[in-house]
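# Per-entry structural report
Next come the chains, spelled out residue by residue.
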Amino acid sequence: MTDSQQVRVRFAPSPTGYFHVGGARTALYNWLFARQREGKFILRIEDTDRERSDESWTGGIVSALTWLGITWDEGPFHQSERRPLYDAAVATLLDRGHLYACDCTREIVEARTKDRATPGYDGFCRDRGLEPGIGKALRFRVPDTGITTVHDLVRGDVEFANETIEDFIIVKSNGDPLYVLAVVVDDIDMKITHIIRAEEHLPTTPKAVLIWQALDAAPLPLFAHLPVLVNEKRQKLSKRRDRVAVEDYRQLGYLPEALRNYLCLLGWSPTEDREVLTIEEMISEFRLEEVNRSPAFFDEKRLAHFNGLYIRALSDEEFIERSRPFISGEHALWTERQFDEGLFRSLAPLVQARIATLGEIPGYVKFLFAAPFEMDEPSFEKAVRRDELAVTILSEARSAYAKAEFEVEELKELLISIGEQHDRKLAKTQAPVRVATMGSTVGLPLFESLVALGREEVLRRIDGAILRANEEG
RNA sequence: GGCCCCAUCGUCUAGAGGCCUAGGACACCACCCUCUCAAGGUGGAGGCACGGGUUCGAAUCCCGUUGGGGCUACCA
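Quantities reported herein were computed from a predicted structural model and do not represent experimental measurements. (Residues numbered from 1 in each chain as written. Chains lettered and ligands numbered in written order. Predicted model: local features only at pLDDT ≥ 70, side-chain atom pairs only at ≥ 80, totals over all residues. Heavy atoms only, no water.)

## Quick word on the overall build of chain A
Selection rule: Elements are defined by DSSP. Helices are runs of H or I of four residues or more, strands are runs of E of two residues or more, and each kind is numbered from the N terminus. With C-alpha atoms as the basis for the radius of gyration, the globule rule is written as 2.2 Å multiplied by the number of residues raised to the power 0.38. For each residue, the accessible area found with a 1.4 Å probe, counting protein chains only, is set against the maximum for its type, and the residue is called buried under 20%, exposed over 50%, and partly exposed in between. Note on contacts: a residue pair qualifies if any of its non-hydrogen atoms lie within 4.5 Å across the two residues. In short, Shrake-Rupley with a 1.4 Å probe defines the accessible areas, and a residue's cover is counted only from the protein chains shown.
A count of helices and strands for chain A gives 19 helices and twelve strands. The globule rule puts the C-alpha radius of gyration for 473 residues at 23 Å, and the 31 Å found for chain A is more than 25% above it. Each of the three principal axes of chain A carries a C-alpha extent, and together these read 100 × 50 × 40 Å. Evaluated residue by residue, chain A yields a buried proportion of 47% over its 473 residues. Excluding contacts between residues fewer than 6 apart, the proportion of contacts in chain A whose partners are at least 24 apart in sequence is 76%. Of the roughly 23,000 Å² of accessible surface on chain A, a fraction of 49% belongs to carbon and sulfur atoms.

## A few points about the sheet that holds strand 5 (residues 137-140)
What counts is decided by this rule: Should DSSP find at least two bridges between two strands, the strands are taken to pair. Here an axis means a line fitted to C-alpha atoms, over the contact stretch when the element is a helix, while the angle between two N-to-C directions is reported on a 0 to 180 degree scale.
Across the sheet, three strands lie side by side as 4-5-8; this open sheet has antiparallel pairing. At either end of the open sheet lies a strand with only one pairing partner, and these are strand 4 (99-102) and strand 8 (169-171). Recorded for the sheet is a direction-independent mean angle of 45 degrees between the axes of neighbouring strands. For strand 5 and strand 8, the ladder comprises two bridges, and the chain directions are antiparallel.

## Some details on the protein's contact with RNA strand B
Operational definition: Proximity is defined per residue: any heavy atom of the residue falling within 4 Å of a molecule or strand makes that residue near it. Side-chain atoms alone can form a polar contact between residues adjacent in sequence; in general such a contact is a pair of N or O atoms within 3.5 Å, and within protein one must be able to donate a hydrogen while the other accepts it. Three residue categories are used. Nonpolar comprises Ala, Val, Leu, Ile, Met, Phe, Trp, Tyr, Cys and Pro, charged comprises Asp, Glu, Lys and Arg, and polar comprises the others, including Gly.
Taken together, the neighbourhood of RNA strand B is formed by 58 residues, with S14, T48, R155, L178 and K236 sitting nearest. The separation between a sugar or linking oxygen of RNA strand B and a polar side-chain atom of E199 is 2.8 Å. Within the backbone of A353, a nitrogen or oxygen atom sits 3.1 Å from a sugar or linking oxygen of RNA strand B. Mapped onto the surface near RNA strand B, the elements with two or more residues apiece are strand 7 (156-161), strand 12 (296-297), helix 10 (300-312), helix 17 (426-438) and helix 18 (446-453). Partitioned by chemical class, the residues of the surface near RNA strand B number 22 nonpolar, 14 polar and 22 charged.

## A closer look at the environment of T105
With respect to the secondary-structure elements, T105 resides in the loop between strand 4 and helix 4 (106-113). Once the C-alpha coordinates of T105 and K136 are considered, the two residues, 31 residues apart in sequence, prove to be 9.3 Å apart.

## Here's the deal with the layout of surface pockets
In plain terms, the rule: Residues are called lining when one of their atoms sits within 4 Å of a cavity or pocket point, these points coming from a 1 Å grid over the protein atoms alone, where a cavity is a set in which a 1.4 Å probe fits but cannot get out and a pocket is an open set with protein on both sides within 12 Å along at least five of seven lines. Grid points are joined across faces, edges and corners, and a volume is the space filled by probe spheres set on the points.
Size it by volume and the second largest pocket reaches roughly 350 Å³. Together, 14 residues line the second largest pocket, and R250, Q251, P325, F326 and L358 are the ones closest to its centre. Elements that contribute at least two residues to the lining of the second largest pocket include exactly helix 7 (246-252) and helix 11 (316-327). Per-class residue counts for the lining of the second largest pocket are eight nonpolar, three polar and three charged.

## Here we look at a negative patch on the surface
Our working rule: Note that patches include only residues with greater than 30% relative accessible area and no salt bridge, and the join distances are 9 Å for like charges and 5 Å for nonpolar side chains (Val, Leu, Ile, Met, Phe, Trp, Tyr). Take a side-chain nitrogen of Lys or Arg and a carboxyl oxygen of Asp or Glu: if they are within 4 Å of each other, that pair is a salt bridge. Two residue types count as positive, namely Lys and Arg, and two as negative, namely Asp and Glu; His and chain ends fall outside the count. Where a charge lies is defined by one atom per residue type, namely NZ (Lys), CZ (Arg), CG (Asp) and CD (Glu).
Where like charges cluster on the molecular surface, the negative patch consists of E405, E407, E409, E410, E413 and E420. With respect to the helices and strands, the residue E420 is situated in helix 16 (residues 408-421).

## Topic: the pairing of strand 2 (residues 40-45)
Counting buried residues along strand 2, five of its six residues qualify, which places the element largely inside the surrounding structure. Here strand 1 (residues 8-11) pairs with strand 2 via four bridges, running parallel. What sits directly across from V9, in strand 2, is F41. Relative to strand 3 (residues 74-78), strand 2 runs parallel, the two being bridged by three bridges. Residue pairing in the sheet places I45 in a bridge with H78 of strand 3.

## Let's talk about the domain arrangement of chain A
Condition: Where each domain starts and ends follows an automatic or database-derived domain assignment.
We note that the domain assignment places domain 1 (83-226) and domain 2 (377-472) within chain A. Here domain 1 and domain 2 have C-alpha centroids that lie 74 Å from each other.

## What about the packing of helix 15 (residues 390-402) against helix 16?
We count it as follows: For a crossing to be left-handed, the near helix must be turned anticlockwise from the far one by less than a right angle; the clockwise case is right-handed.
Where helix 15 contacts helix 16, the two axes come as close as 10 Å, and the packing angle between them is 145 degrees. In the crossing of helix 15 with helix 16, the sense of the turn from one axis to the other is right-handed. The segment helix 15 lies against helix 16, with E396, A397, A400 and Y401 engaging L411, L414, L415, I418 and Q421.

## Here we look at the nonpolar core
What counts is decided by this rule: Residue types Ala, Val, Leu, Ile, Met, Phe, Trp, Tyr and Cys, when buried and joined through side-chain atoms within 4.5 Å, form a set referred to as a nonpolar core.
Membership of the largest hydrophobic core comes to 55 residues, with the highest contact counts inside it found for F319, F344, I361, Y401 and L450. Setting aside anything within four residues of it in sequence, one finds F344 in contact with I320, S323, I327, F339, I361, V365 and F369. With 51 residues, the next largest nonpolar core counts V7, F11, L28 and L43 among its residues.

## Looking at the pattern of salt bridges
One pass over the full model with this rule turns up 35 salt bridges. A salt bridge links D186 to R82, with the shortest nitrogen-to-oxygen separation between them at 2.7 Å. One end of the pair, D186, is in helix 5 (residues 179-189); the other, R82, is in the loop between strand 3 and helix 3 (83-95), and 104 residues separate them in sequence. Residue classification places D186 among the buried residues on the basis of a relative accessible area of 0%. The exposure class assigned to R82 is buried, which follows from its relative accessible area of 13%. For D103, the salt bridge goes to R128, with nearest N and O atoms at 3.1 Å. Of this pair, D103 sits in the loop between strand 4 and helix 4 while R128 sits in the loop between helix 4 and strand 5; the two residues are 25 residues apart in sequence, bridging distant segments of the chain.

## Some words on helix 14 (residues 377-385)
Using the following cut-off: To obtain the arc, one takes the directions from the helix axis to the C-beta atoms.
Among the residues of helix 14, S379, F380, A383 and V384 are the ones counted as buried. Looking down the long axis of helix 14, one finds its buried residues gathered within 95 degrees of arc, a one-sided arrangement. Exposed residues pointing more than 90 degrees away from the buried face of helix 14 are listed as P378 and K382.

Right, here's the structure in full:
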């Protein structure tokens, strides 16, 4: 390609399972590159294998990309709808002698090559002059000598000796084209200039180059093979064994901008030790040539850190809006009637400062809305049963709060003075009250929470705790 | 097995021959702040896989070893 050409990249996932973070990273890099070069980003669904494709997965890809803010300029195209193009390319290749029919079954090929030093197809049908047709696959005649070079922007030139590449199948015996052919035909047809994809595709790239050259229809694209994302055991992220679905992270309460930022940093980094980047900064600073070559571990802890950063950067109002899916609807721990938006708003900033994912919100405010009131037993044991002064403090707090102004400072001062009478610091005094009213030793600041609960409920819960401590203690 | 890729703290990375006494971030530890828990602040521990070269000088270049990974389907 030349510099004057418009940049055209594509993201081409196969709809064979949940859309995962590795795919999202690949899509993001393609998208950033296209935006930076003012080119086009094309979405193409690689569903040449009908038996392995499912329309529902395509919907998942589309919604995940949309959620991440990765928009496409053309598509989504489906390979399954572009069959005529592949057939025409096959005709051309056949015409030029690049293909030959083969009727060897997989078993026969394996039996024949089992003892040979070089595995793979042995070229048995190369010169048998079989007539193409149903029941026979079409293989690409790979040159016996020479080198096929892949020009890769992140790895440099990668060379493959042609003798190590087998005569691979391009059309199945049932007439269906294979991915290796479809991808090349589509990339040529869509005038793709840069192929940015995961490293796992690198070994098949020389085959694509060979087909591309045999078709002789367009200059070769530039490649960029991104390092794979791995799990803690340093194996390629797998849909089967690892939690990788973008949708899962969405459900857990990760912000798309945080996931995007984290993903951007898995394999590339900007200068000056910066890590939090706006989308504009990513677009202007991203460089394919600076992408790392080694596999990167997808670290959820680090992702959570970024998510916390992004959550804390939200304005009060934005935080409330982002919270909605987690505080109402079918996943809420309470009914719509039990929920009170005003009360939630009053405590929201305190929640916002404490969480790393939006999914943690319910845990912080369930003491306010969920019925029946849930008591954490270990907390009760620790702060009430094992504290001989707990019941005394609860009783005194109850009396004081019964007639107090229900306001943060007032409630705090009252508890401080109760503590002083028993020579206790507030940290210790507040524990039984917190557990009695909020159900746990940990949680939101106590006095703000008491105000939200209201006098009546606070007194009721303290009474309940005293009763419970006495009857079971 | 064959082909290919890779190799800086546990993790993500900065580093393109002298700026490195190897920088930042997550996680971890300590302290500060503090009504609990977080958040925030300060500090700490922790790394160039190994061996040869090249060079006045190597984390940086070359070769080898070792280790990891990917691919090896009439899947994508």
